[in-house]
Amino acid sequence: MTKFIVVTGGVISGLGKGVLTASIGKILAPSYKCAAVKCDGYLNVDPGTMNPIEHGEVYVLDDGTECDMDFGHYYRFMGFSAKKSSNLTMGKIFQAILDKERKGEFLGKTVQYVPHVTDEIKQRFYKIAKDEAADVLLIEIGGTVGDLENGLYLEAVRELAWEQGRDNVMFVHLSYVPIPTGVHEQKSKPTQLSMKLLNEIGIWPDAIVCRCSEYLTEKVKNKIALFCNVDEGSVFTGVDVSSVYLIPGELEKQGFIKTLEKKLHLKINPAGLEKWNSLARKMAELKCDGKGKTISIGICGKYTALGDSYASVVEALYHCSANLDVNVCVKMIDTEEIEKGKKVSDAVKGLDGVIVPGGFGTRGWEGKIKVIEYARKKEIPFLGICLGLQAAVCEFARNECGLLDANSTEMNPDANAKLITLMDEQRNVVDKGGTMRLGSYEANLAKGSIVAGLYKADNAFERHRHRYEVNPNYHAVLLEKGLVLSGMSPNKTLVEFIELPKNKHPYFVATQAHPELKSKLEAPAPTFYGLVKAAKEKAFGKK
Ligand code: GLN
């Protein structure tokens, strides 16, 4: 029988419900099989068509689902490889309800929010729990308590607790304790008010985690416990930390395991977190003390205004930092500025390594190509991701193969040398939502290549999100001029990895996939590991 843990948020958004949910999962994962579901209130069926500037990175699952960034946390922390069904949006729920209504499945009844919509939500929870054979299902409710758009989810989880029994459902509320300037005092009132809102709808949290810039005083903890009806030992501080990877250890230190065990009658093995905690501490120390070796890696793209646009890329770099004992300082480089006249050498000044990440459209594209040319010629370690591979191929074609106007047809449909073209299967696609080549695909890696060495295998499975590919008509000329096509799709048509030989460049690798999506603290993405290692060697020598 599955136990359920529901995570809600109060007072303000952006407190880190996703990280909290994932951290609880991390604590449980060594002892219990965990799955997670994210409930979003918006009406998009999925976030695939949303601008990353508005909503952060679009995270892609193995099965090709484009979903919320929080699934990145679930994967990185709990190792939960979610499927499409785990990303609930109100758009998805209403679509299902309206489809059923049209098919006449409600048998002449009035279709209502309660019970029809809430039943639809609950049935999905039960189905996920069953399909994943989960001992524990974590349910994260997006938004803040009091928002109109998550009200139906809250009613559904109230009913869930009623159906499953209070020993099987635990509510964790993430709140905020501000310390106003000049007052110097931890204020519990916002937490009390958000708790009132929850109580009004019939939800009584079992644990409260309060985000705060310092640890809650005993006095404030007791006050929150009293006013919010929870055990004194079940009020925790979500203290500001230099790395989110410290959160599971923080919760553990404050006794969260005891609360979990008591509430849900579980037995948790605390040893499961040791390796994680030590890597997390190392990463945090590297970041803070500034004494260790530091390298700078530039992410050269156009969605640089919002850090979250490249969330997984940044996380993957931090994973390498902890495992390679080097502080990685991430710099966002806006390649559009290069197009407006900034010198490439100035844009990449001081960088020990360069990433050109995924992206869409012409803005910043020529700037990316210039950065790659510079990195290739000046032997700066380089990793290209998806659009970054496409840009690297165009750069190579222009500057090494004499194909002066080589381009992607996404950027210039009239180019003579159409190096990057729509994949055949994409030619008749009209709908924009969920129609790219999405999800996990295999690549066969060339024997002796850099990537085969990094993956320690002759194949790799990475997640994808693209419509364009390297035009097969140009494979021969690229190869002839010395570009190594080091990973190909099993049918040998699609270029998945490229590289320059080690004697030509310290690290020049690109992939059509998004390896950042599967990077973990305990197992960094191989191509990122290779980049950071090369950058470290460039900065500090081989030892
Ligand atoms: N725009 C490119 C394509 O669709 C690259 C996509 C990406 O980087 N995710 O193929």
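Predicted model, so just to flag it, every value in this text is computed and none were measured.

Colleague: Any chance you could explain the packing of aromatic side chains here in plain terms?
Modeller: Each aromatic ring pair is characterised by the separation of its centres together with the angle its planes make. Going through the model one piece at a time under the given rule, you end up with 9 aromatic pairs. Both rings, one in Phe71 and one in Tyr74, keep their centres 5.1 Å apart while their planes meet at 75 degrees; by these two values the pair is edge-to-face. With Phe71 and Tyr74 both in helix H3 (residues 70-78) and 3 residues apart, this pair spans about one turn of that helix. Comparing Phe71 with Tyr74, the two get one shared label, buried.

Colleague: Sorry, what's going on with the layout of surface pockets here?
Modeller: Think of a ball as big as a water molecule: rolled over the atoms, this probe shows where empty space is left. For the largest pocket, the calculated volume is near 1100 Å³. Forming the walls of the largest pocket are 44 residues, and the residues nearest its centre are Gly14, Gly16, Lys17, Asp70 and Asp308. Of all the secondary structure elements, the ones that give two or more residues to the lining of the largest pocket are helix H1 (17-28), strand S2 (34-40), helix H2 (52-55), H3, strand S8 (207-212), strand S9 (235-239) and helix H12 (311-324).

Colleague: It is not clear to me how the packing of H1 against H3 should be interpreted in this structure. Could you clarify?
Modeller: Two numbers describe a pair of packed helices, the interaxial angle and the distance between the axes. Contact geometry of H1 with H3 gives a least axis separation of 8 Å together with a crossing angle of 25 degrees. Relative to H3, H1 is oriented roughly parallel. H1 and H3 meet at a crossing whose hand is right-handed. Contacts between H1 and H3 involve Gly18, Val19, Thr21, Ala22, Ser23, Gly25 and Lys26 on the former and, on the latter, Asp70, His73, Tyr74, Phe77 and Met78.

Colleague: In this structure, what is going on with the sheet that holds strand S12 (residues 353-356)? I would like to understand it.
Modeller: Strand-to-strand pairing in sheets goes through backbone hydrogen bonds, with the strands running parallel or antiparallel. Taken in spatial order, the 9 strands line up as S11-S10-S12-S13-S21-S20-S19-S16-S17 in an open sheet, and their pairing is mixed. Since the sheet does not close on itself, it has two edges, and those belong to strand S11 (327-334) and strand S17 (459-466), each with one partner. Averaged over all pairs of adjacent strands, the angle between their axes in this sheet comes to 25 degrees, without regard to strand direction. On top of the sheet, H12 reaches strand S10 (294-301), S11, S12 and strand S13 (382-385); it is set at about 155 degrees to S11, its chief contact.

Colleague: Sorry, what's going on with the site of the ligand here?
Modeller: Lining the immediate environment of the ligand, one finds Gly358, Gly359, Phe360, Cys386, Leu387, Gln390, Glu410, Arg465, His466, Arg467, Tyr468 and His514. Within the backbone of Arg467, an N or O atom sits 3.0 Å from an oxygen atom of the ligand. With the chains in place, 99% of the 300 Å² that the ligand exposes on its own is no longer accessible. Contributions of two or more residues to the shell around the ligand are made by helix H16 (387-400) and S17. Here the residues of the shell around the ligand sort into 4 nonpolar, 5 polar and 3 charged.

Colleague: Got a minute to help me understand the pattern of salt bridges in this structure?
Modeller: Side-chain pairs of opposite charge can arise where the charged atoms are in close proximity. Within this structure, the stated rule accounts for 32 salt bridges. Residue Lys122 pairs with Glu159 through a salt bridge whose shortest N-O separation is 2.7 Å. In this pair, Lys122 sits in helix H5 (residues 113-131) while Glu159 sits in helix H6 (residues 151-164), placing the two residues 37 residues apart along the sequence. You can call Lys122 buried: its relative accessible area is 2%. Look at Glu159 and you get buried, because its relative accessible area is 10%. Salt bridges sharing partners connect three or more residues here, namely Lys38, Asp40, Asp68 and Asp70.

Colleague: I tried to follow a positive patch on the surface on my own but got confused; where do I start?
Modeller: Judged by side-chain charge, Lys189, Lys196, Lys219 and Lys223 come together as a positively charged surface patch. Of all elements in the fold, only helix H7 (189-200) and helix H8 (218-228) reach the threshold of two or more residues within the positive patch. Its location among the elements puts Lys196 in helix H7. A relative accessible area of 53% places Lys196 in the exposed class.

Colleague: Would you mind showing me how to read the sheet that holds strand S18 (residues 468-470) here?
Modeller: Pairing is mixed across the open sheet formed by 3 strands, whose spatial order is S14-S15-S18. Every other strand in the sheet has two partners, leaving strand S14 (407-408) and S18 as the edge strands with one partner each. Judged from the 2 bridges that link them, S14 and strand S15 (residues 418-422) form a sheet pairing that is parallel. Residue pairing across strands places Ser408 opposite Ile420, the latter belonging to S15.

Colleague: I'm lost on helix H10 (residues 256-264) in this one. Help?
Modeller: In an α-helix, one full turn covers 3.6 residues, which means residues spaced three or four apart are oriented alike. With 7 of its 9 residues buried, H10 lies for the most part within the structure. Looking only at H10, the buried set comprises Phe256, Ile257, Thr259, Leu260, Glu261, Lys263 and Leu264. On its buried face, H10 is in contact with strand S1 (3-9), H1, strand S7 (169-176), S8, S9 and helix H9 (247-253).

Criteria and thresholds
What you see as residue numbers is a count from 1 along each chain, following the sequence as written. Given that this is a predicted model, residues contribute local features only at a pLDDT of at least 70 and side-chain atom pairs are listed and counted only at 80 or more, while totals for whole chains, interfaces and linings are drawn from all residues. In computing side-chain values, all of the structure's heavy atoms are included and hydrogens and water are not. Note on aromatic contacts: the rings of Phe and Tyr and the six-membered ring of Trp form a pair at centre separations within 6.5 Å, being stacked when their planes are under 30 degrees apart, edge-to-face when over 60 apart, and tilted otherwise. Secondary structure elements are defined from DSSP: runs of H or I of at least 4 residues count as helices, runs of E of at least 2 residues count as strands, and each element is numbered from the N terminus. Burial status follows relative accessibility: with a 1.4 Å probe on protein chains alone, a residue under 20% of its type maximum counts as buried, one over 50% as exposed, and anything between as partly exposed. For each structure, a 1 Å grid was placed over the protein atoms alone; sets of points admitting a 1.4 Å probe that cannot get out are labelled cavities, open sets with protein on both sides within 12 Å along at least five of seven lines are labelled pockets, and lining residues have an atom within 4 Å of a point. Grid points are joined across faces, edges and corners, and a volume is the space filled by probe spheres set on the points. Every axis in this analysis is a line fitted to C-alpha atoms, fitted for helices over the stretch in contact. Angles between the N-to-C directions lie between 0 and 180 degrees. Oblique is the label for any angle not under 35 degrees, not over 145, and not in the 65 to 115 range, which are roughly parallel, roughly antiparallel and roughly perpendicular in turn. Crossing handedness is defined as follows: a turn of the near helix away from the far one that is anticlockwise and smaller than a right angle gives a left-handed crossing, while the clockwise case is right-handed. Any two residues whose heavy atoms approach within 4.5 Å at even a single point are treated as in contact. Here, a strand pair is defined by DSSP locating no fewer than two bridges between the strands. Being near a molecule or strand, for a residue, comes down to having at least one heavy atom within 4 Å of it. We define a polar contact as two N or O atoms separated by no more than 3.5 Å, with the added condition that, inside protein, one atom must be a possible hydrogen donor and the other a possible acceptor, whereas residues neighbouring each other in sequence contribute only through side-chain atom pairs. For the area figures, the Shrake-Rupley method with a 1.4 Å probe applies, and any residue is considered shielded solely by the protein chains shown. Put simply, Ala, Val, Leu, Ile, Met, Phe, Trp, Tyr, Cys and Pro go in the nonpolar bin, Asp, Glu, Lys and Arg in the charged bin, and everything else, Gly too, in the polar bin. The salt bridge criterion pairs a side-chain nitrogen of Lys or Arg with a carboxyl oxygen of Asp or Glu, the two atoms within 4 Å. Each patch is built from residues lacking any salt bridge and having more than 30% relative accessible area; the joining distance is 9 Å for like charges and 5 Å for nonpolar side chains (Val, Leu, Ile, Met, Phe, Trp, Tyr). Think of it this way: Lys and Arg go in the positive column, Asp and Glu in the negative one, and His and the chain ends go nowhere. Here the site of a charge means atom NZ of a Lys, CZ of an Arg, CG of an Asp or CD of a Glu.

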